[in-house]
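# Observations on the model geometry
One-letter residues, chain by chain:
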Amino acid sequence: RNRPFLVSIGRRCVHSRVHLSNVASASMRVVICVSALAAVSADHPITKVIKMIEDFKVKAEEEGQEEQISYTAFERWCKSSIGDLTSEINESKKTLAKALQAKAQQEATIARMTEQSAQLQQEIDDRNAAQAKADSARTEENKEYVAEQGDFSDTITALDEAITAMESGKSLAQTKQVVSRAVSLIEVFMNNEQKTAAKAFLQSTSFLQVTPPEREQYKFKGGGVIETLEGLKRDFENKKFESEKAEMNAKASYELAKKAQDQAIAAATTSQTKKDNRKSDTETELAGSEGTISTAQSDIGRDTTTLETTEGTCTQRAREWAERSNTRANEMKAMTQAIKILKKSAGVRAPAGAHAAPDFLQLEQFTAPKAAKAVALLKKAAGKFANLQKLAAAAEALAAPPGHGKNAGGPFHKVKQMIQKMIFQLQDEQKQDQEHKDWCDNEVTHTKQKETEYTSRETKLDNTIDQLTAEISQLDTDVGNHAEQVKIMTNSIDELKKDRAEDSKENAIDIKDAQEAQTAIANAQKVLTDFYKSSGEVAKEDWELLQIPAEPDTWDASYSGTQGGSSGILGMLESIASDFAQMEIQARVAESTNQKEFEEQLEALEVNKAGEEEQERLKSNRIDALQKKLSSKSEQMDNVKDQLYAADEYHKSLKPACYGDSPTYADAQTAFASRQTARDTEINMLRDAQKILDEAFNA
């Protein structure tokens, strides 16, 4: 009489899987149900059922708590991962914005440097053309100077020869020939008086002028011509000197202008080189900015995709958790209600002779040999998989009693359903594990790539910073040396100017003294010449002769003084005047020479000083540029270190979810492969058992 009731209990046990599907594993549900059926004894059946449901309830609560712990950890991982990815995307966007701004500035700088370099090249070309033109003009001027100096030398030589010929007593014809040659060279420079004197000499037939017969005194007719020639000689010597001085000044001006032009060309070339170097440096920085932009854009795209995937996974798991929690709560509520209902019937005793599970199992008879084969297969796998151990125990419990009738496959039909459930569950775990591995592969690989990239960039930036620091230090030393050289050259220029002023003052005194002495001597010569001419010691010019009556005879020779002629005081004064004239010329030449040397030395010092100042300025500017670059590189280094730190921290956060207990990710992948293989083996075992059970009960 109790058998239908027992069958009902079995059915309730089997049908209860609907409520327990999200609580216990498939094999556990089968074990619980089969064990409950097998454990029914002479005690009141309701009591056993209540106990079974209470055990289910406890188990459901425990698994719910375990899932709560797992989901809390998963939720924490979601929050951390989403936060890290969002922060990484924001940092990448900041880096991208800075890189785009830097790129725009660098492109503008490159364009500006290109334009300025072209302008400097044009300036250099113009200056070179102007210098070539100046060189040509200087060459022509020098040719004219050389020709002019040759003319002056020839003229002075001809004058010397004419004067010497007239003073040496050569024949009139020879003297006229020499004088005529000299006059032909200087005629254009002679005044009317000088031309008249020269013409008169050249047209004369004798050196002597005949006076009235009663006097029979003779006058040398070449004196006026000699003075004319000597005066012209001095004029040409002065002109030759002025020509030399003009040539020296022109040459000095040319050389000064040429050096100034060369200095300007050198400065423009240096500036152009600086522009080109800055352009090259900026192009290198632009390449870095473009690389940063590409990397940032790639990081943003990849991290955004990962963020969307992570958010989708977290949203899906949250929805599943809500569904599972709701299902479990409803299940707990249903089991609580079922216990209340069953407890109301707990006072009904079981009729005498009620049998336990064996009497129930006798109603479900099956083919023993094939069932035993299925049980044997489950036992064989029991040493490897816990699920199969429980399933094997349940199957053995069902297979133990002998079967009756055609309904022997009934209990194993339930077991087969549980096996199918287990297969689905294992396949779902396999799929989720694979998806988790794919996500971990992507995240770990990407993170390691970023760590490698940032480490490489950190090393490069560190080397660049060291190079910049060393170059700045060397430039600081160079700037100090240039400043010291500028100071030394400034002192040298001051001393040179002081010495030149003193030399110029001394030369001016010498010239003044010589000019004053020449003036005094000329005055003295005039006074003495007038006296000696009046005394007859010095012959008068033709225009000075007077016609006077004849004097009576008194003595043989008249007294005219003893200091006339070249050996007397007039000769001495003329020699002294010549010495002072030479002194003046030497002083002027010394002044000109000293001035030229001064200008050359001053120019050399100023050029060198300007060069040192330019080097100091350029290197100071280079220091400023390098310091800005160093500051930029240091900022990039800080950013790279932050990114590397963020990548390292994110990598650490991946280890609990992706590494597990494995020390390396390769070990974690090996563990994953082992899990997949174990699941595949377990699934194959279950399918084999399912097949055997099908053959057992379809025979």
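This text gives an overview of the structure that appears in the document. These numbers were taken from a predicted model, which means no experiment stands behind them. (Residues numbered from 1 in each chain as written. Predicted model: local features only at pLDDT ≥ 70, side-chain atom pairs only at ≥ 80, totals over all residues. Heavy atoms only, no water.)

## Points about the overall build of the chain
- Check the secondary structure of the chain and you find 13 helices and two strands.
- A total of 699 residues make up the chain; the buried ones form 35% of that total.
- Restricting the contact set of the chain to residue pairs at least 6 apart, pairs at least 24 apart contribute 87%.
- Summed over its atoms, the accessible surface of the chain is roughly 40,200 Å², and 52% of this surface lies on carbon and sulfur atoms. (Helix = DSSP H or I, 4+ residues; strand = E, 2+ residues; numbered from the N terminus. Buried < 20%, exposed > 50% of the residue type's maximum accessible area, 1.4 Å probe, protein only. Contact = heavy atoms within 4.5 Å. Areas by Shrake-Rupley, 256 points an atom, 1.4 Å probe, with all protein chains shown as cover.)

## Quick word on the nonpolar core
- Within the largest apolar cluster, 15 residues are counted, with the highest numbers of intra-cluster contacts made by Trp-439, Val-444, Leu-654, Cys-658 and Tyr-665.
- When neighbours within four sequence positions are excluded, Tyr-665 is seen to be in contact with Lys-437, Cys-440, Asp-441, Val-444, Lys-448, Cys-658 and Tyr-659. (Core = buried A, V, L, I, M, F, W, Y, C linked by side-chain atoms within 4.5 Å.)

## What about the side chain of Glu-247?
- Note that Glu-247 resides in helix H7 (residues 223–344).
- At 3.1 Å, the side chain of Glu-247 forms a polar contact with the side chain of Arg-138. (Polar contact = N/O pair within 3.5 Å; in protein donor to acceptor, adjacent residues only side chain to side chain.)

## Quick look at the packing of aromatic side chains
- Here the structure, examined in full by the defined rule, presents six aromatic pairs.
- On the basis of an interplanar angle of 50 degrees and a centroid distance of 5.5 Å, the ring pair of Tyr-659 and Tyr-665 is categorised as tilted. Residue Tyr-659 shares its accessibility class with Tyr-665, and that shared class is buried.
- Among the aromatic residues, ring-to-ring pairing joins Tyr-71, Phe-74, Trp-77, Trp-321 and Trp-439 into one connected group.
- Here the guanidinium or amino end of Lys-239 rests over the ring plane of Phe-236, the centre of that ring lying 5.3 Å away. (Phe/Tyr/Trp six-rings, centres within 6.5 Å; stacked < 30°, edge-to-face > 60°. Lys NZ or Arg CZ within 6 Å of the ring centre and 35° of its normal.)

## Observations regarding empty space enclosed by the protein
- Tallied over the full model, the rule gives three cavities of 30 Å³ or more.
- What the largest cavity holds in volume is close to 60 Å³.
- Taken together, the elements giving at least two residues each to the lining of the largest cavity come down to helix H4 (45–168), H7 and helix H11 (410–535).
- The element best represented in the lining of the largest cavity is H7, accounting for four residues.
- Classifying every residue of the lining of the largest cavity gives two nonpolar, five polar and two charged. (1 Å grid on protein atoms, 1.4 Å probe; cavity = no way out; pocket = protein on both sides within 12 Å on 5 of 7 lines; lining within 4 Å. Points joined across faces, edges and corners; volume = space filled by probe spheres on them. Nonpolar A, V, L, I, M, F, W, Y, C, P; charged D, E, K, R; others polar.)

## A look at the pattern of salt bridges
- With the rule as written, the count across this model stands at 24 salt bridges.
- Between Arg-622 and Glu-471 there is a salt bridge, with the nearest N and O atoms lying 3.4 Å from each other. Taken together, the residues Arg-622 in helix H12 (residues 569–659) and Glu-471 in helix H11 connect sequence positions 151 residues apart.
- Accessibility expressed as a relative area gives 29% for Arg-622, which makes it partly exposed.
- The shortest N-O distance in the salt bridge between Glu-591 and Arg-500 comes to 2.5 Å. Of the two residues, Glu-591 sits in helix H12 while Arg-500 sits in helix H11, which places them 91 residues apart along the sequence.
- Residue Arg-500 is classed as buried on the basis of its relative accessible area, which comes to 6%.
- One network of salt bridges, with partners in common, ties together Glu-429, Asp-433, Arg-675 and Arg-679. (Salt bridge = Lys/Arg side-chain N within 4 Å of Asp/Glu carboxyl O.)

## Concerning H12
- Taking 1.5 Å per residue as the helical rise, H12 with its 91 residues ought to reach 135 Å, and the 127 Å between its terminal C-alpha atoms agrees with that figure.
- At Ser-653, H12 shows its maximal kink, close to 30 degrees; a proline, Pro-656, follows between one and four residues later. (Expected span 1.5 Å × (residues − 1). Bend = angle between axes of the 7 residues up to and from the residue.)

## As for a negative patch on the surface
- Taken together, the side chains of Asp-494, Glu-495, Asp-499, Glu-502, Asp-503, Glu-506, Asp-510, Asp-513 and Glu-516 present a region of like negative charge at the surface.
- Looking at where Asp-513 falls in the secondary structure, it is placed in helix H11.
- Assessed through its relative accessible area of 36%, Asp-513 is described here as partly exposed. (Patch = residues over 30% accessible without salt bridge, like charges linked within 9 Å, V, L, I, M, F, W, Y side chains within 5 Å. Lys, Arg positive; Asp, Glu negative; His and termini not counted. Charge placed at Lys NZ, Arg CZ, Asp CG, Glu CD.)

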